[in-house]
Amino acid sequence: MSDRNTRAAGKNRGFVWTAAACITVSLLVMIVISVAGPSISVPAMTHTSGGPPWWVSLGLPNDVVLFAMWGAAVVGTVGVGAGLIAVARGARPRVRPLLAASFIAVAAFAVLPPGGSTDTQSYAIDGNMVVLGHSPYVDTPKQMALLGDKLAVNSPATWQHSLSDYGPLATAEEWVSAELGGSSLATITFWLKLWVAIAFGFVVLLLDRVLRDKPAMRLRAHLLWSVNPLVLWEIVASGHIDGLAIAFGLAGLVVLRFVPADKRPTLLRCVAAGALTALWALRRSPAGIASMLGGWAAVVIPSYLVAGTPAVSVLFQRGNQITWDNLYQVFYRPFGIAGGLGADHTPAHLATVALIVCVAVALLVFFRLPDLVPGYPGVTPALALSLAWVFFWPYQRPWYDVMIIGLLALYPRSRLDALVLIRLCFGAITYMEAASLPQYVWLQHVQLFQGDWITSSVRLLTALGLVWLCITGRWGAQPSEASADVSPPVLQPQT
């Protein structure tokens, strides 16, 4: 090996070790914060009688927890980025350690209390409403508390007056968890997190299976999804139901894999894909489209008939909601308009403007994003729609970004990777707190400045970066990786 290759190999090993160290440290910090129990990032609950979730109440200070989690987010992002660079330069570390690390992290987060959000507690209370014979589309936690529901008394303040925003299948999952969890809020959250952990593990195995013949793409997928600390935190640790949604959606895309021109997709495959997700993969096959829509309708229509018209009504009540760190506030906050949750704080016509922008960007990305996923024609259209909505709609949470991450794991490396990871990192930092505002005034100011200006500016810059890539076509994509793996120029592959 020449001196040049030796230096290149040494530098590449540096990226590999940086990735391993940063990802490990990030995950360990997140696990330790969860083990430490109630804090600004872990909402308080009453211990169960011996079963999970398990934690030790250490009473860590708000500033220690918050800055530790911010650091974990940054370090984890650096680790994933270093790993992607190493793989792009030819590194081929063994896959089994990545799989082992992923499943160990998933198992650990599954048996620990939810962190980073009170959403899981809200799911648990909604599920308990169904057990008691009520509907989360009709009754709020506050109303249930007045009726004597002991779990609803402990509802997070954010959700006390809110109806469920989720579909009937999500409510069914919440109901099953509440039946299994009984009268313990903590136990119900464990069951909710368990289903999400199983779904996350399913996606890990699905990605590993479909990319098994492409070593570079396989490693890339595991870095973006399986061992990505932020994805593990936002989905498994937090127990967000988005993990179930991406599992069904990705499975639908994989079911409708490429069909040769001289063959027609079977009815069973079209119906299965339609039941799992809606996509444009069969846009040139009327019979396929009809079958796909039939599969979708076979799931959606009966579930909403069971849930009733209130479940449909809530779909139209979220249009004017925005999040405080949205990209548009960079334009209106300097004029004294403070955006927040609810129509009372929403700038006039913002929803209309955002809808127009989303549609325009979706079309722009759809026609400009290279279709580089042979065999899976639904991935690129789905990625285009997801990018437009996640980047430009004013109501966003960092766990929504998994919609992009799951699809990006099947897409060859490009400059999209950097935009998505940077955006996810700052979004995660903004939503690391779950239980309350920091007790120190100075820390509140730091946190509010971070969300009001830093994250919103990052969201704006990454959105502009996406438009710039569309206009210039400088995606930096590597189509050869998706069709046939390139032999590593520096390090030899390992099994």
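What you see is a predicted model; the values in this text were computed from it and never measured. Per chain, residues are indexed from 1 in the order of the written sequence. Residues qualify for local features only when their pLDDT is at least 70, as the model is predicted, and side-chain atom pairs are given and counted only at 80 or more; totals for whole chains, interfaces and linings, by contrast, use all residues. Side-chain descriptors were evaluated using all non-hydrogen atoms of the structure, hydrogens and water having been removed beforehand.

Peer 1: Which parts of the structure should I look at to understand the overall build of the chain?
Peer 2: Going along the chain from the N terminus, every DSSP run of H or I of four or more residues is numbered as a helix, and every run of E of two or more is numbered as a strand. A count of helical and extended segments in the chain gives 21 helices and 0 strands. Each residue is assigned to one of three classes by its accessible area relative to the maximum for its type, calculated with a 1.4 Å probe on protein chains only: buried under 20%, partly exposed between the two thresholds, exposed over 50%. Counting the 495 residues in the chain, one finds 53% classified as buried. For the chain, the computed accessible surface area is about 21,700 Å², with 67% contributed by carbon and sulfur atoms. Accessibility throughout is a Shrake-Rupley quantity obtained with a 1.4 Å probe, and a residue counts as covered only by protein chains that appear here.

Peer 1: What is the right way to read the environment of valine 130 from this model?
Peer 2: Position of valine 130 relative to the elements: it lies in helix H4 (residues 119–131). For valine 130 and valine 176, which are 46 residues apart along the polypeptide, the C-alpha to C-alpha distance reads 9.4 Å.

Peer 1: Got a minute to help me understand the nonpolar core in this structure?
Peer 2: Most often, soluble globular proteins have nonpolar side chains that are buried together. Definition of nonpolar core: a set of buried residues of the types Ala, Val, Leu, Ile, Met, Phe, Trp, Tyr and Cys, connected through side-chain atoms within 4.5 Å. Grouped together as the largest cluster of nonpolar side chains are 123 residues, with contacts concentrated most on Trp225 and Leu466. In terms of residue count, helix H8 (residues 185–210) provides more of this core than any other element does, 13 residues in total. By definition in these notes, contact holds between two residues if any of their heavy atoms fall within 4.5 Å. Not counting residues up to four positions away in its chain, the partners in contact with tryptophan 225 are Phe200, Val203, Val204, Leu207, Val231, Ile246, Val402, Ile405 and Gly406.

Peer 1: Looking at this structure, how should I read the packing of aromatic side chains?
Peer 2: Two measures describe an aromatic ring pair: the distance that separates the ring centres and the angle between the ring planes. The aromatic pairing rule takes the rings of Phe, Tyr and Trp, using the six-membered ring of Trp, and pairs them if the centres are within 6.5 Å, calling planes under 30 degrees apart stacked, those over 60 edge-to-face and the rest tilted. Per the counting criterion, the structure on display carries 11 aromatic pairs. These aromatic residues form a ring-pair network of at least three members: Phe67, Trp70 and Trp442. When the NZ atom of lysine or the CZ atom of arginine is within 6 Å of a ring's centre and also within 35 degrees of its normal, the charge is said to sit over that ring. Positioned above the aromatic ring of phenylalanine 391 is the side chain of arginine 423, whose terminal nitrogen or guanidinium carbon lies 5.0 Å from the ring centre.

Peer 1: What's the story with the environment of phenylalanine 67 in this structure? I'm lost.
Peer 2: Among the secondary structure elements, phenylalanine 67 is positioned in helix H2 (residues 62–88). Along the primary structure phenylalanine 67 and isoleucine 429 are separated by 362 residues, whereas in three dimensions their C-alpha atoms are 9.3 Å apart. Non-local contacts of phenylalanine 67, meaning those with residues more than four positions away in its chain, are made with Trp442 and Leu443.

Peer 1: Any chance you could explain helix H10 (residues 229–237) here in plain terms?
Peer 2: The periodicity of an α-helix, 3.6 residues per turn, causes residues three or four positions apart to be oriented the same way. Most of H10 is tucked away, with 9 of its 9 residues classed as buried. By the burial criterion, the buried members of H10 are Pro229, Leu230, Val231, Leu232, Trp233, Glu234, Ile235, Val236 and Ala237. Phi turns positive one or two residues past the end of H10, at glycine 239, with a value near 70 degrees.

Peer 1: What is the right way to read a nonpolar patch on the surface from this model?
Peer 2: Excluding any residue in a salt bridge, patches collect residues exceeding 30% relative accessible area, merging like charges within 9 Å and nonpolar Val, Leu, Ile, Met, Phe, Trp and Tyr side chains within 5 Å. For this analysis, a salt bridge means a side-chain nitrogen from Lys or Arg found within 4 Å of a carboxyl oxygen belonging to Asp or Glu. Where nonpolar side chains cluster on the molecular surface, the patch consists of Val131, Leu132, Trp175, Val176 and Leu180 and spans about 400 Å² of accessible area. Looking at which element gives the most residues to the nonpolar patch, the answer is helix H7 (residues 168–181), with 3 residues. Tracing the backbone shows tryptophan 175 in helix H7.

Peer 1: Help me understand the pattern of salt bridges in this model?
Peer 2: Opposite charge on two side chains permits them to pair, given that their charged atoms come into close proximity. Taken as a whole, this structure holds 4 salt bridges when the rule is applied. Residue arginine 218 pairs with aspartate 208 through a salt bridge whose shortest N-O separation is 2.7 Å. Note that arginine 218 is positioned in helix H9 (residues 215–226) and aspartate 208 in helix H8, a separation of 10 residues in sequence. Of the residues examined, arginine 218 reaches a relative accessible area of 22% and is grouped as partly exposed. Aspartate 417 is the salt-bridge partner of arginine 220, the closest N and O atoms lying 2.5 Å from each other. Remark: aspartate 417 occurs in helix H19 (residues 416–430) and arginine 220 occurs in helix H9; sequence separation between them is 197 residues. Each member of the pair, arginine 220 as well as aspartate 417, carries the same accessibility label: buried.

Peer 1: Looking at this model, I keep getting lost on the packing of helix H3 (residues 95–110) against H9. Mind explaining?
Peer 2: The packing of two helices is summarised by the inter-axis angle and the distance between the axes. Here the axes come from fitting lines to C-alpha atoms, over the contacting stretch only for helices, and the angles between their N-to-C directions go from 0 to 180 degrees. Two numbers describe how H3 lies on H9: the axes approach to 11 Å, and their chain directions differ by 15 degrees. Looking at the two axes, H3 sits roughly parallel to H9. The chirality of how H3 crosses H9 is left-handed. Packed against H3, whose contacting residues are Val95, Leu98, Leu99 and Ser102, the element H9 presents Arg218, Leu219, His222 and Ser226 at the interface. Considering only residue class, the contact of H3 with H9 consists of 4 nonpolar, 3 polar and 1 charged. Note on terminology: angles under 35 degrees are roughly parallel, angles over 145 are roughly antiparallel, angles of 65 to 115 are roughly perpendicular, and the others are oblique. By convention the crossing between two helices is left-handed if the near helix lies anticlockwise of the far one by an angle smaller than a right angle, and right-handed if it lies clockwise. Classification used: nonpolar for Ala, Val, Leu, Ile, Met, Phe, Trp, Tyr, Cys and Pro, charged for Asp, Glu, Lys and Arg, polar for all others including Gly.

Peer 1: Before we go on, may I ask you to explain the packing of H8 against H9 in this structure?
Peer 2: The contact between H8 and H9 brings their axes to 9 Å, and the two run at 165 degrees. By the angle between their directions, the pair H8 and H9 is classed as roughly antiparallel. As for how H8 packs across H9, the hand of that crossing is right-handed. On H9, the residues touching Phe200, Val203, Val204, Leu207 and Asp208 of H8 are Arg218, Ala221, His222, Trp225 and Ser226.

Peer 1: Would you mind going over the confidence of the model for the chain with me for this structure?
Peer 2: The predicted coordinates of low-pLDDT regions are not to be read in fine detail. Known as pLDDT, the predictor's per-residue confidence is scaled from 0 to 100. Looking at the chain, pLDDT values average 83 and 79% of them are 70 or higher. In this model, residues 273–285 is a region of pLDDT below 50 whose contacts with residues beyond four sequence positions or in other chains number 34 contacts. Across residues 485–495 the pLDDT falls below 50, and counting only partners more than four positions away or on other chains, this stretch makes 27 contacts in the model.

Peer 1: What is the right way to read the environment of valine 373 from this model?
Peer 2: Mapped onto the elements of the fold, valine 373 is located in the loop between helix H16 (350–368) and helix H17 (379–392). Each C-alpha atom, one on valine 373 and one on leucine 410, is 7.0 Å from the other, the two residues being 37 residues apart in sequence. The residues touching valine 373, leaving out its near neighbours within four places in the chain, are Val379, Thr380, Leu410, Tyr411 and Pro412.

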